[in-house]
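# Descriptive analysis of the structure
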Amino acid sequence: MSRDSGLDFLRGLAILGMVLSGTISRNDELPGWLFHAQISPPDFVFNPSFPGITWVDLVFPLFIFAMGMSVPFSLQKNIDKGSQMGTIGRKIFFRALKLWFFAIMLGHLSLFHYPAIAGYWANLLAVLAFGGFFLAFLDFSKLSLSGKWWNTAGYLLLILLCLIRARLFDLPFSLQNYDIIILVLANMAFWGGLIWLITRNNMLVRLGILALYFGIWLSRDIEGSWNNDLWNFLPLWWLADQIPAFGNLLQSIGIENGKTIFYHPDYLKYLMIFLPGTIVGDLVIKHNRSEPIVPFNKSLLLGAAMILLIVGNLFGLYYRFLLLNLFVNLFLLTLIFISFIVKELGYINLYKKLVLFAIFWVLLGLVFEAWQGGIKKDPATYSYFFLTTGFSIFVYLSFHLLHNKSRSVSWWRPVLSIGKNPMLAYVLVAYLILPVLGALQLQNPLDHMHEIWKWAGVFRGLLLTTIMIFVTVFFVRKKLFWKT
């Protein structure tokens, strides 16, 4: 099964946005659209009543969608080879388990999880943690090597580092300290992967499961309802209530009552983006097998229209020009729709289906925008999931449309490299770049530049992101890929 460059681009763009948004220093004079809409200057205090989204609020949904889209690419080839359902189920389980382990380690071993007195030790231990991740997750098969023992050594090194930090700095280890982004991805890998496996031959059933979850989510706060009981059901703590000795054991190892270590029903709300992604992945695989890729006409104009649609929504929803935003959406969606139903343009049926699918999600998001006080990422609203799903499809399509017109242009290649090695790119700044800068006495001046000039904080983000790009491209060229 051939690799889809649009999927790599979508995944790479999401990681690029995550790194950039996470490395821009906070300055109270910077514009709010540089940060999460609900955590903006001047005070950067979480304000759940503030409606709107920024580009920062798009990066995680883009990655969730790309992750969902990659599931058919990853698992369908196993089915085609005749693998049993039990074998594929185990693959789903262990993929989620590895992501869970990754989330736990990220919650303990980064540069920012040490006290100030750690000094150079924090830099050294962070770099060692990067080495542990490298060994644990490196895909040695890409190097024609057997890496089973090296992978095991990486896992053991990470566990050893947790013991060292506890011994040297009296920092406790807890299964409830985790990177929430990766923990959500682990839930998507498990629950989303199982749903795809069960419904792989019937997309309507998959959409039905999505509708059922939406109904439970919509009615979760109704006291006395089974919906409320199901939503608040946490298997770990239910078991602790049934078996007091087990509950005492959890408390003795520092696990707080009511706080999850893996599953929470609220995490499953991202299935609203993940499952449509799996449907797009299925459609792409199906049509790539049955239809040849044909030339695109006027693709530059249509790709630009899709990007303009996303940018226009960010502007209109953030600054609350809602009526103007609606008319702009209707105009651009109509233009895109008409362009894709004209047979003379030479588009394959796949792109017509994806355009209609994207239009549906965007319109649904706009209809729900007024609900829950306007679109928000935190707390996430229905319109947020619907709109970002449509945006993700348009980003995927726009890449293919613009890529068709710019095959000789190399600006997109670094993004593709990040998309091929997303886990590596995700940890580079915190576990390699910043520790090295810290050891060279460069991190502290870089972190405080925004106090002198407000835009220096943006420069910090661009600099660290650029270094991340160069390092990731280097590893990709050396065929050093982490398993994802």
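Description of the structure in this document. As the structure is a prediction and not an experimental result, all values here were calculated from the model. (Residues numbered from 1 in each chain as written. Predicted model: local features only at pLDDT ≥ 70, side-chain atom pairs only at ≥ 80, totals over all residues. Heavy atoms only, no water.)

### Things to note about helix H17 (residues 422–439)
- Between the first and last C-alpha of H17 there are 26 Å, a value that for 18 residues agrees with the 26 Å anticipated at 1.5 Å per step.
- The largest bend in H17 comes to about 60°, at Leu-428.
- In terms of burial, H17 is a largely internal element, 16 of the 18 residues being buried. (Helix = DSSP H or I, 4+ residues; strand = E, 2+ residues; numbered from the N terminus. Expected span 1.5 Å × (residues − 1). Bend = angle between axes of the 7 residues up to and from the residue. Buried < 20%, exposed > 50% of the residue type's maximum accessible area, 1.4 Å probe, protein only.)

### Quick word on the pattern of salt bridges
- Using the criterion set out here, one finds six salt bridges in the structure.
- Across the pair Arg-320 and Glu-369 runs a salt bridge, and its minimum N-O distance is 3.0 Å. Here Arg-320, found in the loop between helix H12 (299–318) and helix H13 (322–341), pairs with Glu-369, found in the loop between helix H14 (349–367) and helix H15 (382–405); they are 49 residues apart in sequence, far enough to count as distant. (Salt bridge = Lys/Arg side-chain N within 4 Å of Asp/Glu carboxyl O.)

### Regarding the packing of aromatic side chains
- A complete count under the given rule lists 38 aromatic pairs for this structure.
- Relative to Tyr-155, the ring of Phe-137 has its centre 5.9 Å away and its plane inclined at 75°; by these criteria the two rings are edge-to-face. Residue Phe-137 is found in helix H4 (residues 120–137), and its partner Tyr-155 is found in helix H5 (residues 148–169); the two are separated by 18 residues along the sequence.
- Take Phe-137: its relative accessible area is 2%, and that puts it in the buried class.
- Between Tyr-384 and Phe-385, the ring centres sit 5.6 Å apart and the planes meet at 75°, which makes this aromatic pair edge-to-face.
- Look at Tyr-384 and you get buried, because its relative accessible area is 0%.
- Here the aromatic cluster, defined as three or more aromatic residues joined through ring pairs, consists of Phe-60, Phe-214, Trp-217, Tyr-270, Phe-357, Phe-360, Trp-361, Phe-368, Tyr-382, Tyr-384, Phe-385 and Phe-386.
- Its end group placed over the ring of Tyr-114, Arg-165 keeps NZ or CZ at 5.7 Å from the ring centre. (Phe/Tyr/Trp six-rings, centres within 6.5 Å; stacked < 30°, edge-to-face > 60°. Lys NZ or Arg CZ within 6 Å of the ring centre and 35° of its normal.)

### Side note on the packing of H13 against H14
- The N-to-C vectors of H13 and H14 enclose an angle of 165°; their axes lie 10 Å apart at closest approach. If you check the angle between H13 and H14, you find them roughly antiparallel. You can see that H13 and H14 cross each other, and the crossing is left-handed. Residues Asn-325, Leu-326, Asn-329, Leu-330, Leu-333, Ile-336, Phe-337 and Phe-340 of H13 pack against Tyr-351, Lys-352, Val-355, Leu-356, Ile-359, Val-362, Leu-363 and Leu-366 of H14. (Axes fitted to C-alpha atoms, helices over the stretch in contact; angles between N-to-C directions. Parallel < 35°, antiparallel > 145°, perpendicular 65-115°, else oblique. Left-handed = near helix turned anticlockwise from the far one by under 90°. Contact = heavy atoms within 4.5 Å.)

### Topic: the nonpolar core
- Residues Phe-130, Phe-133, Phe-394 and Trp-482 are the most contacted members of the largest nonpolar core, which totals 152 residues.
- Apart from residues lying up to four places away in sequence, Phe-130 is in contact with Leu-424, Val-427, Leu-428, Tyr-431, Leu-432, Phe-475 and Trp-482.
- Among the nonpolar cores identified, the runner-up in size contains seven residues, and Ile-24, Leu-34, Phe-44 and Val-458 belong to it. (Core = buried A, V, L, I, M, F, W, Y, C linked by side-chain atoms within 4.5 Å.)

### What to know about the packing of helix H3 (residues 85–109) against H5
- Where H3 contacts H5, the two axes come as close as 11 Å, and the packing angle between them is 30°. Taken together, the axis directions place H3 and H5 in an arrangement best described as roughly parallel. The element H3 and its partner H5 pack so that their crossing is left-handed. Mapping the contact onto sequence places Lys-98, Phe-101, Met-105, His-108 and Leu-109 in H3 and Tyr-155, Leu-158, Ile-159, Leu-161, Cys-162 and Arg-165 in H5.
- Across the contact of H3 with H5, the residue classes break down as eight nonpolar, one polar and two charged. (Nonpolar A, V, L, I, M, F, W, Y, C, P; charged D, E, K, R; others polar.)

### Re the environment of Phe-44
- By the element assignment, Phe-44 lies in the loop between helix H1 (5–23) and helix H2 (59–80).
- Since its relative accessible area comes to 14%, Phe-44 is described here as buried.
- Through-space distance from the C-alpha of Phe-44 to that of Asn-288 is 46 Å; in sequence the pair is 244 residues apart.
- In contact with Phe-44, not counting residues within four places along its chain, are Arg-26, Asn-27, Asp-28, Phe-35 and Ile-39.

### Digging into H12
- In a regular helix each residue adds 1.5 Å, so 20 residues correspond to 28 Å; H12 covers 29 Å between its end C-alpha atoms and thus fits that length.
- Those residues of H12 lying buried are Ser-299, Leu-302, Gly-303, Ala-305, Met-306, Leu-309, Ile-310, Asn-313, Leu-314, Gly-316, Leu-317 and Tyr-318.
- Of the residues flanking the end of H12, it is Arg-320, one or two places downstream, whose phi is positive at about 65°.

### With respect to the environment of Arg-477
- Turning to its location among the elements, Arg-477 is positioned in helix H19 (residues 456–477).
- C-alpha separation for the pair Arg-477 and Ser-417, spaced 60 residues apart in sequence, amounts to 8.6 Å.

### Quick word on the side chain of His-108
- Inspection of the secondary structure puts His-108 in helix H3.
- Take His-108: its relative accessible area is 1%, and that puts it in the buried class.
- The residues contacting His-108, other than those within four sequence positions of it, are His-113, Cys-162, Arg-165, Pro-172, Phe-173, Ser-174 and Asn-177.

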